[in-house]
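# Examination of the molecular architecture
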Amino acid sequence: MARLILDGSLRQLAGGDSVVEVDVQNVKQLLRTLSERYPALAPHLEQDSFAIAIDGEIFQDVWFAPIAPDSEIHLIPAIRGG
Amino acid sequence: MNDMTNPNLVARELKIVGTRPLRPDGADKVTGRAKFGADMHLPNMLVGRVLRSPHAHARIRSIDTSKAQSLKGVKAVITSADLCDLPSEFIPAGEMMVNFKDMTRNVMAREKALYEGHAVAAVAAVNDRIAAQALALIEVDYEVLPHVMDVDEAMQPDAPLLHDDMFTIGVEPTPDKPSNIAKRVEFGFGDLEAGFSKADVIVEREFSTKPVHQGYIEPHACLASVSEDGQAELWCTTQGQFIVRAFCAKLLGMEVSQLRVTASEIGGGFGGKTVVYIEPLALALSRKACKPVKMVMSRTEVLQASGPTSGARIRVKVGATKDGRITAGDALLKYQAGAFQGSPVQPGAMCAFAPYDLENVRIVGFDIVVNRPKVAAYRAPGGPIAEFAVESVIDEVAMKIGLDPIEFRLKNAAQEGTRAPYGPKLGPIGLVQTLQAARAHAHYSAPLKANQGRGVASGFWFNIGGETCASLNLGEDGSVAMVVGTPDIGGSRASLSMMAAEELGISLEHIHPIVGDTSALGFNFLTGGSRVTFSSGMAVVQAARDVIEQLRERASKIWEVPLADVEWVEGHARCAGPGEARSLSLAELARTAGKTGGPIIGNAAINATGAGPSLATHLVDVEVDPETGKVTILRYTAIQDAGKAIHPAYVEGQMQGGAVQGIGWALNEEYIYDDKGHLLNPGFLDYRIPVCSDVPMIDTVIVEVPNPNHPYGVRGVGETPIVPPMGAIANAVSHATGVRFTDLPMSPPRVLAAIDAQQSQ
């Protein structure tokens, strides 16, 4: 299963969990799984715009980016720039 | 030729990419023919003007517009009642999550005016004189409230409260009392206590920065025309016509397809033209008056009411061993958001230690509202502030352990595989290469004289991709009209044309770039995040390959050979199969397109991903006049990883421009308010951005570590160059004077006071 690493503020919202194993195949499935598992995280996933780093590559607003069984995933705030 | 080992990169010899042709829009811009925001005119158009709050914080009891409305020549008067009130929720607008409750109140105050210059009403009249008279006739009954300008004061429990429904996000449990602290964020990993316990040297400092304006020369300007049936057109200076459309449609209760937005040429944006101010007001006035309405901000209005970037207070602590390995880094960032939440503290926190490979790191950030204009993005938003503080402390740690500052950075530099402080591991990046280039540069070993100092700093910025469309329309003579949806700020017409020409194998002069309006293409995110050469470049390459596929198909039909037997080589379809060698040029195929299947258009509509971070290292020499405190920049060298410089001159231009803006941020620029929250320097005479005589020629070195996710290896380059200057200059001034400078700007009075204080000790 893919491993989601949670640091900082997100770890607090996930009840202190730092590593979460998730059986998902893409970003949309990941977001749904996290919202179900961590209700405190759900409104932030809906309100804030998050990006997903999959094995170091950042995907922003890409629901169907594939997640492999051995992927390392990080949830990070979306970056916009100026 | 590109990196042959990476299968995603174009592997053939490059003929156009990497050269320095003249820009397609150059002649228009040097002859004055280019049309900027204020250059549009329509018959019978009205002049729009805004009434702005004279108070930094005041409740609006009532607004009486009756006298203004009855003035001859006035055709419309609007207040917040003419815009949609929207609930406090984050709604997708284009690619951004926007709280429209805040946006509608920022473009026009409702319950309260939250900063001096906050719009409270607007008029449209037949000329500017009558519009000004009408503004004077609007009666606003204010209840003046206490105001707060500083983040530390705003965080106090008894501080004047800007929003009584703001409860800090990011703390558990959520506070039961409102405050000015909109949000707390935290990033990091490892064990800070253990990390600092291993350190031989620890440096901890507090820093402050002032809000600084993006300083675009062209003020905000627009022309709106709404017809009686609700169809609307808007011409404006913006970094993103599709974002303007999304914002304005929501604020005016329109469908996005009712509104057609055309981006004018843009006289600078730097992030400051990613939001709306007068555009929805012009549309509302035009809707009410049934005539076109033109609005142009004055410089005073720009400085009073359009977003600068945050001022901030920062604390940074770094520990390192004697042999130069950083053991821990800790930072606290408190950023001004202005009157509404949304400072760039989050990306600032993510960038703070990003150039370094750390095992133990923590960054905590606070987003704080104050009675100042709402901040807007400014090149690498948030990054320069945090990295100024970190790079200053890094320099001091290197001094304390007796290591050359570049060697110290090289010992700790982030590389491919390094875990960034915000979590994920980094892909290929070029920080080490920029540090090595800095160390080898003649600048770094040049001798210095008395009162002179040299500073070094590195910087990181993410870069982004995003939704992007492009269209290549092949003309019957073989020329190509290239339509993109991202306004050209830094020479993107040139770089995008070059990639199209390189792909198609034709001369650059046959590509004619056009920035399309919102009806010409699907949605495009704005020109920002250093994304255009990357994202629009990917779209243009994809559209060109779509054209090539269609041309191959036409050739295969003409020759009656399988498609697989037709290859595209240097602008020609060539028959690769057995038999007689045959070739058709792009122009020949275009000429017969009607007979072979119809016009040929190549399209791309993508959500670009894989933008690689860009890192930079800057060197600067300064001289400090010990009698006046004036800092003179003697020499400046900017070194940056561009991935692949499509048009090196425009990459160098970005690096030079960022360095110059950073010089202004470091040495002179600040908003000066009186004790009532009135801005005292709302003009370029007193708000002093650098001019040519303030800066030397900025030398540049482009490093190219290809981004494997782009066909030519491109990384964004527009934002990173403003990250290192403040740290580099502060380090240089500190070395020149022997005093560590932690507060920006290092203006002559501050520098002189610090020198005097040191001498009196």
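Structure: see above.
What counts as what
- Residues numbered from 1 in each chain as written.
- Chains lettered and ligands numbered in written order.
- Predicted model: local features only at pLDDT ≥ 70, side-chain atom pairs only at ≥ 80, totals over all residues.
- Heavy atoms only, no water.
- Helix = DSSP H or I, 4+ residues; strand = E, 2+ residues; numbered from the N terminus.
- Rg over C-alpha atoms; globule rule 2.2 N^0.38 Å.
- Buried < 20%, exposed > 50% of the residue type's maximum accessible area, 1.4 Å probe, protein only.
- Lys, Arg positive; Asp, Glu negative; His and termini not counted.
- Charge placed at Lys NZ, Arg CZ, Asp CG, Glu CD.
- Contact = heavy atoms within 4.5 Å.
- Buried area = accessible area lost by both parts, 1.4 Å probe.
- Salt bridge = Lys/Arg side-chain N within 4 Å of Asp/Glu carboxyl O.
- Polar contact = N/O pair within 3.5 Å; in protein donor to acceptor, adjacent residues only side chain to side chain.
- Axes fitted to C-alpha atoms, helices over the stretch in contact; angles between N-to-C directions.
- Left-handed = near helix turned anticlockwise from the far one by under 90°.
- Nonpolar A, V, L, I, M, F, W, Y, C, P; charged D, E, K, R; others polar.
- Expected span 1.5 Å × (residues − 1).
- Parallel < 35°, antiparallel > 145°, perpendicular 65-115°, else oblique.
- Pairing = 2+ DSSP bridges.

Before going further, it helps to examine the overall build of chain B. Along its length, chain B carries 21 helices and 28 strands. Since a compact globule built from 761 residues should have a radius of gyration of about 27 Å, the 27 Å found for chain B is in line with a globular shape. With respect to the three principal axes, the spread of C-alpha positions in chain B is 90 × 75 × 50 Å. Buried residues in chain B amount to 63% of all 761 residues. Positive and negative side-chain charges in chain B, numbering 70 and 85 respectively, have mean positions lying 2 Å apart.

A word on the interface of chain B and chain A. With 39 residues of chain B in contact, the opposing surface of chain A contributes 27 residues. Interface area, chain B with chain A, both sides summed: about 2500 Å², of which 56% is carbon and sulfur. When the buried surface of chain B facing chain A is broken down by residue, Met97, Pro424 and Thr609 of chain B rank first, second and third, together holding 17% of it. Joining chain B to chain A, the criterion identifies zero salt bridges. Joining chain B to chain A, the criterion identifies four residue pairs in polar contact (both at pLDDT 80 or more). Elements supplying a minimum of two residues to the side of chain B that touches chain A: strand E5 (96-99), strand E9 (181-189) and helix H10 (345-351) of chain B. At seven residues, the largest contribution of residues to the side of chain B that touches chain A is made by E9 of chain B.

Residue and element names in this part refer to chain B. Direction vectors running N to C along helix H11 (residues 383-401) and helix H20 (residues 725-737) enclose 40°, while the axes themselves pass 8 Å from each other. For the pair H11 and H20, the sense of crossing is right-handed. Each of Pro384, Phe388, Glu391, Ser392, Asp395 and Met399 in H11 lies in contact with H20, whose residues at this interface are Met726, Gly727, Ala730, Asn731 and His735. Counted by class, the contact of H11 with H20 contains five nonpolar, four polar and two charged residues.

Time to look at helix H19 (residues 648-667) of chain B. Across its 20 residues, H19 of chain B extends 29 Å between first and last C-alpha, which sits within 8% of the 28 Å expected from 1.5 Å per residue. Taking burial as the measure, the 20 residues of H19 of chain B include 15 buried ones, the bulk of the element.

Moving on, we come to the packing of helix H15 (residues 492-504) of chain B against helix H16 (residues 532-559) of chain B. Residue and element names in this part refer to chain B. At a minimum axis distance of 9 Å, the contact between H15 and H16 shows a crossing angle of 30°. With respect to H16, the element H15 is oriented roughly parallel. In the packing of H15 onto H16, the handedness of the crossing is right-handed. Contacts between H15 and H16 involve Ser492, Ser495, Leu496, Met499, Ala500, Glu503 and Leu504 on the former and, on the latter, Val532, Thr533, Ser536, Gly537, Val540, Val541, Ala544, Arg545, Val547 and Ile548. Counted by class, the contact of H15 with H16 contains ten nonpolar, five polar and two charged residues.

All right, on to the pattern of salt bridges then. Residues and elements named next belong to chain B. Overall, the coordinates contain 44 salt bridges over all chains when judged by the stated rule. The shortest N-O distance in the salt bridge between Glu301 and Arg52 comes to 2.9 Å. Of this pair, Glu301 sits in helix H9 (residues 299-305) while Arg52 sits in strand E1 (residues 46-52), placing them 249 residues apart in sequence. This pair shows no difference in class: Glu301 is buried, exactly as Arg52 is. Its salt-bridge partner being Arg313, residue Asp150 comes within 2.9 Å of it at the nearest N-O pair. In this pair, Asp150 is assigned in the loop between strand E8 (139-144) and helix H5 (151-154) and Arg313 in strand E15 (residues 312-320), connecting sequence segments 163 residues apart. Under the relative-accessibility criterion, Asp150 is labelled buried at 17%. Taken together, the shared-partner salt bridges in this structure form one network comprising Arg23, Asp25, Lys29, Glu265, Asp488 and Arg493.

This part covers the pairing of strand E26 (residues 614-624) of chain B. Residues and elements named next belong to chain B. Counting buried positions along E26 gives ten out of eleven residues, so the element sits mostly inside the fold. Note: strand E18 (residues 452-461) against E26, ten bridges, orientation antiparallel. Each residue of the ladder has a partner; that of Gly459, found in E26, is Ala616. Note: E26 against strand E27 (residues 631-641), nine bridges, orientation antiparallel. Bridge assignment links Glu623 to a residue of E27, and that residue is Thr632. Linking E26 to E27, which pair antiparallel, is a turn of six residues; within it Gly629 sits at a positive phi near 80°.

Remember, this is a structural readout, not a statement about activity or role.
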